[in-house]
Amino acid sequence: MKYVFTTILAFFLAFKGYHQTGFSQNAKDYIETSSSKKVNDKDVDVILADPNLKGSPYANQNFIKGEIIDKSIEKKIDVYLRYRIIDDVIQVKSNSTNNDIYILSRSTKNEALIGESLYLFLENYPIQMNGTSNGYALVLNNINKSAILLKRQVQEYIASKEAEDSYSSNTPLLN
């Protein structure tokens, strides 16, 4: 009887742990639980919570059905994704109704297919953008395997400030 009780207890604990993220074990290998990044020495969560925020920090406001692609073992995992431009991260949800949002691990072995848009993580760009030479790039043309056209999306954060006099205007939060 003790064995049966222990088995049932272990089953429920395992189910609860799986249910908390909603991801299969395969998807958990590709996500991070922390999203505490900074932009211009200001926490991204503080920027996003500001009611005066103008513009969108996302390439697409909604999560879109897509895939995490592990190039090293040619594995695809179905998830919901969106690209947050302001701090160059790809956010992941297990399904469209789940409120838990995770961050895709930044690795050159991973690709993210968001709808029809393919994002690659690249290291050592020849130029720095937003203070780094690493980041995601959108693949614009992948017909010819010998060369691909990439687009790096960046968004500048400018802290808002009130107009100093009647001749100037307020500064928005995103540019």
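This one's a predicted model, so the numbers in the text were calculated from it and none came from an experiment.

K.L.:
When you look at the pattern of salt bridges in this model, what are you seeing that I'm missing?
P.N.:
Pairs may arise between side chains of opposite charge once their charged atoms sit close together. What the rule picks out here adds up to 5 salt bridges. Where R84 meets D87, a salt bridge forms, and the shortest distance between an N and an O atom there is 2.7 Å. In this structure, R152 and D88 form a salt bridge, with 3.4 Å as the shortest nitrogen-oxygen distance. In this pair, R152 sits in the segment after β11 (149-151) while D88 sits in the loop between β5 (75-84) and β6 (89-93), placing the two residues 64 residues apart along the sequence. Residues R152 and D88 agree in their burial class; the two are buried. A cluster of three or more residues bridged by salt bridges with shared partners is formed by D88, R106 and R152.

K.L.:
Would you take a moment to explain the side chain of R152 for this structure?
P.N.:
Of the residues examined, R152 reaches a relative accessible area of 14% and is grouped as buried. Engagement of the side chain of R152 in a polar contact is seen with the side chain of D88, the distance being 3.4 Å. In this structure the side chain of R152 is engaged in a polar contact, spanning 3.2 Å, whose partner is the backbone oxygen of N134.

K.L.:
Help me understand the confidence of the model for the protein chain, please; the structure alone is not making it clear to me.
P.N.:
Any segment with low pLDDT has predicted coordinates that should not be analysed in fine detail. Within the protein chain, residue pLDDT values average 76, and 71% of them lie at 70 or more. The low-confidence segment residues 9-21 (pLDDT under 50) makes 10 contacts with residues lying over four places distant or belonging to another chain.

K.L.:
How should the nonpolar core be read in this particular structure?
P.N.:
Nonpolar side chains tend to gather and get buried jointly when the protein is soluble and globular. Counting residues in each nonpolar core, the largest one holds 18 residues, and the members touching the most others are I68, L81, I90, L104 and Y119. Contributing elements (two or more residues each) for this core: β5, β6, β7 (102-104), β8 (110-114), β9 (117-122) and β10 (135-141). Those residues within four positions of I68 in sequence are excluded, and the remaining contacts are Y30, K75, K76, I77, V79, L81, V92, L104 and E111. Counting 5 residues, the second largest nonpolar core, distinct from the first, contains V44, I47, L53 and I86.

K.L.:
Whenever I open this one, unusual backbone geometry confuses me. Can you help?
P.N.:
Most peptide bonds adopt trans geometry, and most residues besides glycine take a negative phi value. Positive phi values are uncommon outside glycine, yet E74 reaches one of about 50°. Structurally, E74 can be placed in the loop between β4 (64-70) and β5. Unlike most non-glycine residues, D88 shows phi in positive territory, near 55°.

K.L.:
How should the pairing of β9 be read in this particular structure?
P.N.:
Along any regular strand, the residues point their side chains to alternate faces of the sheet. Note that β8 and β9 share 4 bridges and pair antiparallel. Across the sheet, the residue bridging to L113 is L118, located in β9. By the bridge criterion, 5 bridges tie β9 to β10 in an arrangement that is antiparallel. Bridging across to β10, Y119 finds its partner in L138.

K.L.:
What is the right way to read the sheet that holds β4 from this model?
P.N.:
Working definition: the strands of a sheet are paired by backbone hydrogen bonds and lie parallel or antiparallel to each other. Spatially, 9 strands are ordered β1-β7-β6-β5-β4-β8-β9-β10-β11 in an open sheet, and the strand pairing comes out antiparallel. Looking at which strands have only one partner, the edges of the open sheet turn out to be β1 (31-32) and β11. Relative to β7, β1 is paired through 2 bridges, and the arrangement is antiparallel. Bridging from a neighbouring strand, I31 pairs with L104 of β7.

K.L.:
I'm lost on the environment of A137 in this one. Help?
P.N.:
Within the fold, A137 resides in strand β10. In this structure, the C-alpha to C-alpha distance between A137 and F121, residues 16 residues apart in sequence, is 6.4 Å. With sequence-adjacent residues up to four places away left out, A137 is seen in contact with L118, Y119, L120, L122, Y125, L150 and K151.

K.L.:
Got a minute to help me understand the packing of aromatic side chains in this structure?
P.N.:
Aromatic rings in a pair are described by how distant their centres are and how their planes are angled relative to each other. This model, assessed by the stated rule, comprises 3 aromatic pairs. For the pair F121 and Y136, a centre-to-centre distance of 5.3 Å together with 70° between the ring planes defines the contact as edge-to-face. Taken together, the residues span a long stretch of sequence, with F121 in strand β9 and Y136 in strand β10 at a distance of 15 residues. Across the pair, exposure class does not vary: F121 and Y136 are buried alike. Taken together, the ring pairs in this structure connect Y83, Y119, F121 and Y136 into an aromatic cluster. When the ring centre of Y58 is taken as origin, the NZ or CZ atom of R82, which lies over that ring, is 3.8 Å away.

Reading the values: the criteria
Residues numbered from 1 in each chain as written. Predicted model: local features only at pLDDT ≥ 70, side-chain atom pairs only at ≥ 80, totals over all residues. Heavy atoms only, no water. Salt bridge = Lys/Arg side-chain N within 4 Å of Asp/Glu carboxyl O. Helix = DSSP H or I, 4+ residues; strand = E, 2+ residues; numbered from the N terminus. Buried < 20%, exposed > 50% of the residue type's maximum accessible area, 1.4 Å probe, protein only. Polar contact = N/O pair within 3.5 Å; in protein donor to acceptor, adjacent residues only side chain to side chain. pLDDT = per-residue confidence, 0-100. Contact = heavy atoms within 4.5 Å. Core = buried A, V, L, I, M, F, W, Y, C linked by side-chain atoms within 4.5 Å. Pairing = 2+ DSSP bridges. Phe/Tyr/Trp six-rings, centres within 6.5 Å; stacked < 30°, edge-to-face > 60°. Lys NZ or Arg CZ within 6 Å of the ring centre and 35° of its normal.

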